[in-house]
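# Structure at a glance
Listed below, chain by chain, are the residues.
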Amino acid sequence: MTGGPLLSVRGLKVVFGLDEGSVRAVDGVSFDVMPGQVVGIVGESGCGKSVTTKAMLQLVDPPGRIAAGEMLFRRAGGDAVDLARLDPRGREIREIRGAEIALIPQEPMASFSPVHTVGEQIVEAIRLHARQWRPEGGAVSRADARAIVVDLFRDVGISMPEQRLDSYSWQLSGGLRQRAMIAMALSCKPRLLIADEPTTAIDVTTQAQVLALLRDLQKRHGTAIVFITHDLGVIAQMASHVVVMYLGRVMEEGPVDAIFHAPRHPYTRALLRSMPGMRGETRVALPTISGTLPHPFNRPAGCPFHPRCEEAIAGRCQARVPVLRPVGGGQSASCFLHHDEAEAT
Amino acid sequence: MSGPDGAQPLLRVRNLRKFFPIVKGVFSRTVGHVRAVDDVGFDVHEGETLGLVGESGCGKTTTSRCILRAMAPTSGEMLYRRRDGSTVDLAPLSRRELRPLRAEIQMIFQDPFGSLNPRMTLFDNVGEPLLVNGMSNRGERMDRVAELLRLVGLRPEFMHRFPHAFSGGQRQRIGIARALSTNPRLVVADEPVSALDVSVQAQVLNLLLELQQRLRLTFLFVAHDLSVVRHISDRVAVMYVGQIVELAPTKSIFERPLHPYTAALLKAVPVADPRVPAGDVLLKGEVPSPASPPAGCYFNPRCPFADERCRREAPVLRELATGHSVRCHHAERLQLAVPQERIDPAGRSG
Amino acid sequence: MAGAAAEMSAAEERISVASNWTLVWWRFRKHKLALASAAVLAVLYAIVLCPDFFSTQDPERTDARQAFIPIQSIHFLDDGKWAPWVPAAVGKRNPVTLRMEWGTDPARKIRIGFFVDGPEYRFLGLVRAKVRLVGPLDPEQRIFLLGSDRMGRDQWSRIMHGTQTSMTIGLVAVTLSVVLGIVLGGISGYFGGWIDQVIQRLIEILQSVPTIPIWLALSAALPRDWTPTQVFFAITVILSLIGWTTLGREVRGRFLALREEDFVLAAELAGCSRWRIIVRHMVPTFLSHIIATSSLAIPVMIINETSLSFLGLGIRPPAISWGVLLQEAQNIQTLALAPWLLLPGLLVIVAVLAFNLVGDGLRDASDPYSK
């Protein structure tokens with residue numbers, strides 16, 4: 001493989017045109033995903049992290065649409081394709097979706113059909129994207145696909161895979177269902193896996209199992225993962241590179257250790273401080289981020305974080321929008337505390 | 001047992017059980033029971049926060065609903081000490097007998113969107129408990145609602161707005177104002193911050209701590225997030241399959257857990273620091289169904305230390321050190337890994 | 001702190017104090033078709049309030065010599081000046097069939113006017129009044145804006161009075177079924193247990209009985225010597241006794257779902273009485289939905305009444321309803337000779353469509369919190 005990124009998102013904008021006005025859910029997001037890298041996207045509700053991943057799969061629901069930007073994805077053949085330009089219902093995105101880029105959704109219950117067995121659905125997916133298993137062409141027989149699923153189930157730690165194959169999603173426990181979902185996502189040997197809050201709906205001990213499984217699979221298969229979560233603990237344990245988002249913009253990005261131990265952006269710092277931890281003093285006031293998240297129709301001018309920022313520079317932060325620029329240590333931040341570059345107006 | 005200040009506990013729960021029948025067929029035949037709460041007992045002292053943690057289905061919510069008498073327990077006692085010092089068992093009370101007690105025991109809900117009536121203004125939402133508890137003068141109610149909104153950090157002018165005008169964090173404050181309107185003594189908070197974002201969660205936790213001090217409130221804090229429970233609780237009870245497996249002061253339970261399940265639970269929490277390596281997954285398998293729990297100790301199929309006795313004989317909750325109770329045959333002998341030195345993220349110390 | 005929740009725009013401020021009904025209205029008015037239909041319904045109900053004002057003459061006035069007069073259309077201008085008139089009808093007897101054949105003679109103009117005095121009537125059965133929306137300037141003249149029937153009665157005026165009957169039956173029958181549905185469905189859903197079982201079985205029985213035969217049986221059981229008013233009320237009651245079941249089911253479902261809602265539990269924990277929980281918290285939550293459902297049920301009732309009357313089993317002459325009017329158009333001969341007698345059918349279609357469109361609009365708008 002060459003050294004270039006597997007996915008390169010540049011200046012992505014997603015706009016929702018509503019009756020009351022338009023909402024810029026994603027407002028100029030840029031980041032790279034290198035082959036085999038785990039990129040964590042973290043942020044609070046409304047920061048646009050889920051919409052970003054939907055845009056990557058061309059799954060933005062109307063009235064939302066990709067308004068600007070590019071998402072260059074290097075396909076298996078080596079040629080790059082701009083996902084932002086693809087027809088959401090076209091042949092090319094359907095070839096990529098589920099095969100080269102797979103999704104692990106938050107709620108596995110909603111993602112499996114209740115009237116087909118889990119096995120059947122994965123067999124179908126494999127047969128649909130036969131090229132991933134038969135690069136030279138030709139179909140995958142039902143029996144072959146079934147054998148693949150049994151291997152996959154064993155791979156994701158589902159005991160008695162032959163029996164579980166024939167059960168329905170609602171017969172499985174939460175943990176098993178999420179494992180089956182991961183097997184489904186892996187069934188077409190994707191090169192990029194998008195995990196959208198995959199452990200939010202499950203308990204902490206099950207979460208530990210699923211996270212361990214994902215780490216193990218990632219190590220063995222070298223799949224690149226984009227991991228979306230609001231849980232800083234999960235990000236710290238999973239990601240090698242972190243993107244921090246707020247109100248549709250990237251506030252800061254960099255290697256996980258730098259983000260957690262030398263955060264540069266005031267938002268990242270405030271976010272880390274406001275979390276109750278498993279050490280330290282209890283029953284004391286936690287440092288908070290003042291104010292509330294602005295209503296999407298009332299985006300502040302300038303840096304979106306400035307009304308809540310303790311270090312805001314008067315006259316500067318509310319006037320111009322800082323761009324994301326390298327600030328040393330492999331990190332980039334969009335903050336005037338660290339550079340002077342503003343977005344052209 | 002008496003409280004730290006020698007006083008009687010505010011609430012004393014003994015042998016609480018709540019079984020839900022499993023019915024089948026046209027004739028609604030009962031074929032079994034879900035043992036949602038299975039012999040739970042604890043004390044809540046005045047002014048303290050007792051955290052109730054466990055994974056989904058462990059019975060923590062059912063326990064809290066029984067104490068609130070949103071449902072009737074199958075058996076057991078819930079002795080509540082009233083303001084005048086008399087003690088009343090909440091378990092057998094009828095709807096009518098409960099009504100005067102409702103003002104003293106209130107609840108904060110998990111979902112800030114579902115717990116307020118969207119068709120009523122803040123004044124009507126927050127003022128309703130006052131109205132039904134006898135404050136019929138509208139002006140008086142207005143003053144009290146304004147005072148309550150100020151108390152939770154909202155502007156009194158918001159009174160005439162509807163809940164849809166507020167964010168999740170603000171609605172949670174409104175819910176808190178409503179719960180506090182009748183000057184309750186015991187507040188049951190059921191996952192009050194789990195639907196909120198990290199930054200808002202910190203604001204609400206601070207508010208709860210501040211209010212507790214100012215109003216001398218007693219909290220029963222039900223949650224699944226261990227770091228939140230650790231932050232807010234004086235004592236913590238860990239539940240597993242309808243039973244309390246360990247009950248101790250916060251510091252002891254988080255630093256020296258005595259039950260293997262507690263230890264595994266603590267280890268499973270992902271630490272917000274990339275330099276702390278992810279621990280090995282201690283727990284294999286799944287939580288057993290409360291409809292058919294295993295024989296002996298309910299935890300034995302997943303416990304790395306289980307032996308023949310654990311599979312045969314159900315352990316009882318026993319006090320091992322002062323105020324530290326555990327439901328395990330081998331608690332004294334186990335060398336449970338103290339959660340590893342977990343370095344604080346630099347962000348916190350900075 | 002959140003107190004700094006801050007400067008809201010004027011629009012947001014307006015939304016923040018908007019009650020449920022305001023929000024429903026804001027959403028409803030976005031459906032242009034529903035809004036137009038609501039206007040149609042408003043006109044129809046204005047007619048219900050006072051059909052005499054809208055009609056040109058007494059709907060019962062017969063004149064065998066003026067049977068089957070075709071539509072006389074209104075002309076507003078005469079020689080370029082405002083002077084509304086209708087052409088007079090002139091009849092010639094066909095020498096072969098001996099039938100009267102009517103035509104219009106634009107040369108003979110009957111002057112008409114708006115808000116003119118006509119024959120006296122009582123407004124809402126109380127106040128004496130003479131003014132009518134439209135009528136001939138010369139009270140001795142008769143005009144037939146929508147033609148006349150085989151007995152020389154003015155169809156325009158008969159349709160106005162038929163509208164009153166048919167629309168009222170729809171409304172009253174639905175109101176009765178809503179009351180029955182809410183009360184029985186509410187009891188069933190809120191209390192559950194054996195009473196729920198009894199009501200559910202009753203609904204199942206009522207729903208499994210074929211409706212046409214049961215109407216036939218019940219209508220046939222009405223004594224022949226009842227006055228039109230008595231028949232009218234009997235029909236209404238019959239329609240609603242059968243019509244409440246669907247609504248009852250729905251209300252029960254709502255109650256069952258609402259019992260699990262957090263804000264209902266919150267009210268319970270606040271110490272609210274059962275009555276208050278039902279009236280303040282549960283009913284308002286599904287009331288807008290019930291209204292939407294009922295506005296979809298009214299057209300069904302109207303169709304039912306029309307069908308019954310058309311078959312001669314519902315409202316009987318001399319009372320007038322859309323069904324009674326359509327009865328006049330029962331034979332093929334009438335259709336060929338006097339197609340305008342089918343116009344009441346058109347009105348039924350318009351009314352039913354309008355109700356359905358308004359109902360759809362209301363249903364979409366009724367839950368502003370769903371998203």
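Residues numbered from 1 in each chain as written. Chains lettered and ligands numbered in written order. Predicted model: local features only at pLDDT ≥ 70, side-chain atom pairs only at ≥ 80, totals over all residues. Heavy atoms only, no water.

So, about the overall build of chain A. Regarding its fold elements, chain A presents eleven helices and twelve strands. For 345 residues, the compact-globule estimate of 2.2 N^0.38 gives 20 Å, and chain A sits close to it at 21 Å. For chain A, the spread of C-alpha atoms along the three principal axes comes to 70 × 50 × 45 Å. Classification of the 345 residues of chain A by burial places 54% in the buried group. (Helix = DSSP H or I, 4+ residues; strand = E, 2+ residues; numbered from the N terminus. Rg over C-alpha atoms; globule rule 2.2 N^0.38 Å. Buried < 20%, exposed > 50% of the residue type's maximum accessible area, 1.4 Å probe, protein only.)

Quick look at helix 8 (residues 228-259) of chain C now. Taking 1.5 Å of rise per residue, 32 residues should cover 46 Å, and helix 8 of chain C covers 45 Å from first to last C-alpha, within 8% of that figure. The sharpest bend along helix 8 of chain C measures roughly 35 degrees and falls at Trp244 of chain C. (Expected span 1.5 Å × (residues − 1). Bend = angle between axes of the 7 residues up to and from the residue.)

All names here are of chain B. Ordered by their spatial adjacency, four strands build an open sheet running 2-1-4-5, and the pairing between neighbours is antiparallel. Edge positions in the open sheet fall to strand 2 (29-44) and strand 5 (87-89), since each of these has one partner strand only. Along the sheet, successive strands turn relative to each other by an average axial angle of 25 degrees, direction set aside. The pairing of strand 4 (residues 75-81) with strand 5 spans three bridges and is antiparallel. When the sheet's bridge partners are listed, Tyr80 is paired in strand 5 with Val88. Seen against the sheet, helix 1 (residues 60-67) touches strand 1 (11-24), strand 2 and strand 4 and runs at an angle of roughly 115 degrees to strand 1. (Pairing = 2+ DSSP bridges. Axes fitted to C-alpha atoms, helices over the stretch in contact; angles between N-to-C directions. Contact = heavy atoms within 4.5 Å.)

Before going further, it helps to examine the packing of helix 10 (residues 274-310) of chain C against helix 13 (residues 343-365) of chain C. Residue and element names in this part refer to chain C. Two elements in contact, helix 10 and helix 13, have axes separated by 7 Å at closest approach and are oriented at 165 degrees. Viewed along their axes, helix 10 and helix 13 adopt a mutual orientation that is roughly antiparallel. Every pair of crossing elements has a handedness; the one defined by helix 10 and helix 13 is left-handed. Residues Ile291, Ala292, Ser295, Leu296, Ile298, Pro299, Ile302, Ile303 and Thr306 of helix 10 form the contact with helix 13, whose participating residues are Val348, Val352, Phe355, Asn356, Gly359, Asp360, Leu362 and Arg363. Per-class residue counts for the contact of helix 10 with helix 13 are eleven nonpolar, four polar and two charged. (Parallel < 35°, antiparallel > 145°, perpendicular 65-115°, else oblique. Left-handed = near helix turned anticlockwise from the far one by under 90°. Nonpolar A, V, L, I, M, F, W, Y, C, P; charged D, E, K, R; others polar.)

Below, the discussion takes up the interface of chain C and chain B. With 37 residues of chain C in contact, the opposing surface of chain B contributes 35 residues. With both sides pooled, the region where chain C packs onto chain B buries about 3100 Å², and carbon together with sulfur makes up 54% of that total. Put simply, chain C and chain B have three salt bridges between them. The interface formed by chain C and chain B holds 13 residue pairs in polar contact (both at pLDDT 80 or more) in total. If you list the elements that add at least two residues to the side of chain C that touches chain B, you get helix 1 (10-16), helix 2 (20-28), helix 9 (262-270) and helix 10 of chain C. (Buried area = accessible area lost by both parts, 1.4 Å probe. Salt bridge = Lys/Arg side-chain N within 4 Å of Asp/Glu carboxyl O. Polar contact = N/O pair within 3.5 Å; in protein donor to acceptor, adjacent residues only side chain to side chain.)

Chain A puts 47 residues into the contact, and the matching count from chain B is 53 residues. Between chain A and chain B, roughly 4400 Å² of surface is buried when both sides are summed, and carbon and sulfur atoms account for 54% of that area. Three residues, Met278, Arg279 and Arg283 of chain A, lead the burial of chain A against chain B; their summed loss comes to 21% of the area buried on that side. Applying the counting criterion to the chain A and chain B interface returns 22 residue pairs in polar contact (both at pLDDT 80 or more). Listed by contribution, the elements that provide at least two residues to the side of chain A that touches chain B are helix 7 (174-186), helix 8 (204-221), helix 9 (232-238), helix 10 (256-261) and helix 11 (266-273) of chain A. Looking at which element gives the most residues to the side of chain A that touches chain B, the answer is helix 8 of chain A, with eight residues. Residue composition of the side of chain A that touches chain B, grouped by class: 19 nonpolar, 19 polar and nine charged.

With that settled, consider the packing of aromatic side chains. Each aromatic ring pair is specified by the distance between its two centres and by the angle formed by the two planes. One pass over the full model with this rule turns up 14 aromatic pairs over all chains. Between Trp82 of chain C and Phe114 of chain C the ring centres are 6.4 Å apart and the planes differ by 25 degrees, which places this aromatic pair in the stacked class. Taken together, the residues span a long stretch of sequence, with Trp82 of chain C in strand 2 (residues 81-93) and Phe114 of chain C in strand 3 (residues 100-123) at a distance of 32 residues. Looking at Phe114 of chain C, the relative accessible area reads 33%, which means it is partly exposed. Three or more aromatic residues link up through ring pairs in this structure, and these residues are Tyr246, Tyr267 and Phe305 of chain A. Above the plane of the ring of Trp133 of chain A lies Lys189 of chain A, whose end atom (NZ or CZ) is 4.4 Å from the centre. Over the aromatic face of Phe336 of chain A sits the side chain of Arg316 of chain A, whose NZ or CZ is 4.1 Å from the ring centroid. (Phe/Tyr/Trp six-rings, centres within 6.5 Å; stacked < 30°, edge-to-face > 60°. Lys NZ or Arg CZ within 6 Å of the ring centre and 35° of its normal.)

Another point: the pattern of salt bridges. All names here are of chain A. Within the structure shown, the criterion is met by 51 salt bridges over all chains. Of the charged contacts, one joins Arg75 and Glu92 as a salt bridge, the two residues approaching to 3.4 Å between their closest N and O atoms. With Arg75 in the loop between strand 4 (64-74) and strand 5 (80-82) and Glu92 in helix 2 (residues 91-96), this pair connects stretches of sequence that are 17 residues apart. In this structure Arg75 comes out as buried when scored by relative accessible area, which is 14%. When the shortest N-O distance is used, the salt bridge between Glu100 and Arg191 registers 3.4 Å. On the criterion of sequence distance, the pair formed by Glu100 in the loop between helix 2 and strand 6 (101-104) and Arg191 in the loop between helix 7 and strand 7 (192-196) is long-range, its members being 91 residues apart. Comparing Glu100 with Arg191 shows no difference in burial state: the two are buried. A single network of salt bridges, built from pairs that share partners, joins Arg75, Arg91, Glu92, Glu95, Glu100, Arg131 and Arg191.

Across the junction of Pro62 of chain A and Pro63 of chain A, the peptide omega takes the value 10 degrees, indicating a cis bond. Relative to the assigned elements, Pro63 of chain A resides in the loop between helix 1 (49-56) and strand 4. For Arg283 of chain A, which is not a glycine, the phi torsion comes out positive at approximately 55 degrees. One can find Arg283 of chain A in the loop between helix 11 and strand 11 (325-328). What makes Arg283 of chain A partly exposed here is its relative accessible area of 24%. Its identity is not glycine, yet Asn183 of chain B carries a phi of approximately 55 degrees, on the positive side. By relative accessible area, which is 46% here, Asn183 of chain B ends up partly exposed.

Bringing the sheet that holds strand 12 (residues 331-333) of chain A into the picture now. All names here are of chain A. Strand order in this open sheet of eight strands is 6-7-8-3-9-10-12-11, and the pairing throughout is mixed. Across the chains shown, the open sheet's two edge strands, defined by having one partner strand only, are strand 6 and strand 11. Shown here is a sheet whose adjacent strand axes are inclined to one another by a mean of 20 degrees, direction ignored. Two strands pair when backbone bridges link them, and strand 7 and strand 8 (residues 224-229) are joined in this way by five bridges, in the parallel orientation. In the sheet register, Asp196 faces strand 8, and the bridge partner there is Ile228. Together, strand 3 (38-42), strand 6, strand 7, strand 8 and strand 9 (241-246) form the strand contacts of helix 1, whose direction differs from that of strand 7 by roughly 145 degrees.

All names here are of chain A. Their axes nearest at 9 Å, the elements helix 4 (residues 118-128) and helix 7 cross at an angle of 15 degrees. Classed by the angle they form, the pair helix 4 and helix 7 counts as roughly parallel. Between helix 4 and helix 7 lies a crossing whose hand is right-handed. Only Ala180, Ala183 and Met184 of helix 7 make contact with helix 4, whose side of the interface consists of Val118, Gln121, Ile122 and Ala125. Per-class residue counts for the contact of helix 4 with helix 7 are six nonpolar, one polar and no charged.

Residue and element names in this part refer to chain C. Domain annotation for chain C reports domain 1 (37-49 + 158-365) and domain 2 (61-150). Look at where the C-alpha atoms of domain 1 and domain 2 centre, and you get two points 36 Å apart. The interface is formed by eleven residues belonging to domain 1 together with eleven residues belonging to domain 2. Between domain 1 and domain 2 lies a buried interface of about 870 Å² when both sides are counted; carbon and sulfur atoms form 67% of it. (Domains from an automatic or database assignment.)

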